[in-house]
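So you can see what is in the structure, the chains are spelled out below.
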Amino acid sequence: MNSENAIPASVFILIGGKSERFGSPKWRAEISGEMVLNRLWQACAAFESRYVTGKEQPADLDKPFIQDELEIQAPIIGLYTALKQTQHDWNLLLSCDLPLMTADVFQTLWNRRSEDADIVVPQANNRVQVTCALYHRRLRQTVAEAVADGILGLFRLTETVNSVKVSLGKKDYRFFNMNTVEDLDTAQALAEKMQPGG
């Protein structure tokens, strides 16, 4: 992509979950013939830097990978790792639980950032979507202290710092959360509806 049009930020796509309910790594699942990780990678094409983060690098992964700093299973560990590694002020944390995410959401969040904001997070489908949010690297120490204290909830973090919450509606397919194999069938059906003429 033309660098003049790029979002000067990094994105960290999380693949570190155990996916116990799903039965296999969610990022490898396919929707409309395309692997979830590849769908999200392309959706993030406007970002200057893109990385995949997780517990262990898959042998066949063809994208830049950063290993989680800690073994704890929680999205905040991905954020902790991202804020330690990033070269940008703003950083998008994105989970493979959201396989239908699209680039326009990221642009909306980017446009809502401000100088004093620590987090820009969407509210959609009656949830604060903490695993599709922009985090400022000034939170590095705050996140490190939370992890050290065993406070692992990202939602709690949004309540204790300066968060800009962006309302995106109560029935937004882009925020469909995929947790089970049955959800994969639903995601496929929704992906078809999201296509022009769907």
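For the structure itself, consult the block above.
Residues numbered from 1 in each chain as written. Predicted model: local features only at pLDDT ≥ 70, side-chain atom pairs only at ≥ 80, totals over all residues. Heavy atoms only, no water.

1. What to know about helix H4 (residues 140-148)
Then comes step 1: Within H4, the full set of buried residues consists of Val143, Ala146 and Val147. One face of H4 carries all of its buried residues, which in axial projection span an arc of 100°. Exposed side chains of H4 directed beyond 90 degrees from the buried face belong to Gln141 and Ala148.
Then comes step 2: Check the buried side of H4 and you find it contacts helix H2 (75-85) and helix H5 (154-160).
Then comes step 3: Following H4 by one or two positions, Gly150 adopts a phi angle in the positive range, close to 75°. (Buried < 20%, exposed > 50% of the residue type's maximum accessible area, 1.4 Å probe, protein only. Helix = DSSP H or I, 4+ residues; strand = E, 2+ residues; numbered from the N terminus. Arc of directions from axis to C-beta. Contact = heavy atoms within 4.5 Å.)

2. Considering the side chain of Asp118
Then comes step 1: The topology assignment puts Asp118 in the loop between helix H3 (103-111) and strand S7 (119-124).
Then comes step 2: Overall, the relative accessible area of 12% leaves Asp118 in the buried class.
Then comes step 3: Of the polar contacts made by the side chain of Asp118, one reaches the side chain of Arg138; its length is 3.2 Å.
Then comes step 4: Beyond its immediate stretch of four places on either side in the chain, Asp118 contacts Trp90, Leu134, Tyr135, His136, Arg138, Leu139, Val161 and Asn162. (Polar contact = N/O pair within 3.5 Å; in protein donor to acceptor, adjacent residues only side chain to side chain.)

3. So, the pairing of strand S6 (residues 90-95)
Then comes step 1: The buried count for S6 comes to six of six residues, which makes it a mostly enclosed element.
Then comes step 2: Residues Trp90, Leu92 and Leu94 of S6 are buried on one face, and the alternating residues Asn91, Leu93 and Ser95, pointing to the opposite face, are buried as well.
Then comes step 3: Two strands pair when backbone bridges link them, and S6 and strand S9 (residues 132-136) are joined in this way by five bridges, in the antiparallel orientation. By the bridge assignment for S9, Trp90 is matched with His136. (Pairing = 2+ DSSP bridges.)

4. Details of the packing of aromatic side chains
Then comes step 1: Inspection of every chain in the model, using the stated rule, returns two aromatic pairs.
Then comes step 2: Ring geometry for Phe12 versus Tyr51: centroids 5.2 Å apart, planes at 20°, classification stacked. Remark: Tyr51 occurs in strand S4 (residues 47-54) and Phe12 occurs in strand S1 (residues 7-14); sequence separation between them is 39 residues.
Then comes step 3: Plain terms: the ring middles of Phe47 and Phe106 are 5.8 Å apart, the flat faces sit at 70° to each other, and that makes the pair edge-to-face. Separated by 59 residues along the polypeptide, Phe47 in strand S4 and Phe106 in helix H3 bring together distant segments of the chain.
Then comes step 4: Judged by its relative accessible area of 2%, Phe106 is buried.
Then comes step 5: One residue, Lys63, lies across the ring of Trp41, its end atom 5.7 Å from the ring centre.
Then comes step 6: Of note, Arg113 hangs over the ring of Trp110, and the distance from its end group to the ring centre comes to 3.7 Å. (Phe/Tyr/Trp six-rings, centres within 6.5 Å; stacked < 30°, edge-to-face > 60°. Lys NZ or Arg CZ within 6 Å of the ring centre and 35° of its normal.)

5. Structural notes on the pattern of salt bridges
Then comes step 1: Tallied over the entire structure, the rule returns 10 salt bridges.
Then comes step 2: We note a salt bridge from Glu69 to Lys84, for which the minimum N-O separation is 3.5 Å. Taken together, the residues Glu69 in the loop between strand S5 (65-67) and H2 and Lys84 in helix H2 connect sequence positions 15 residues apart.
Then comes step 3: For Lys84, a relative accessible area of 40% gives the class partly exposed.
Then comes step 4: Linking Arg174 and Asp172 is a salt bridge whose minimum nitrogen-to-oxygen distance equals 2.6 Å. (Salt bridge = Lys/Arg side-chain N within 4 Å of Asp/Glu carboxyl O.)

Nothing here speaks to function; it is all geometry.
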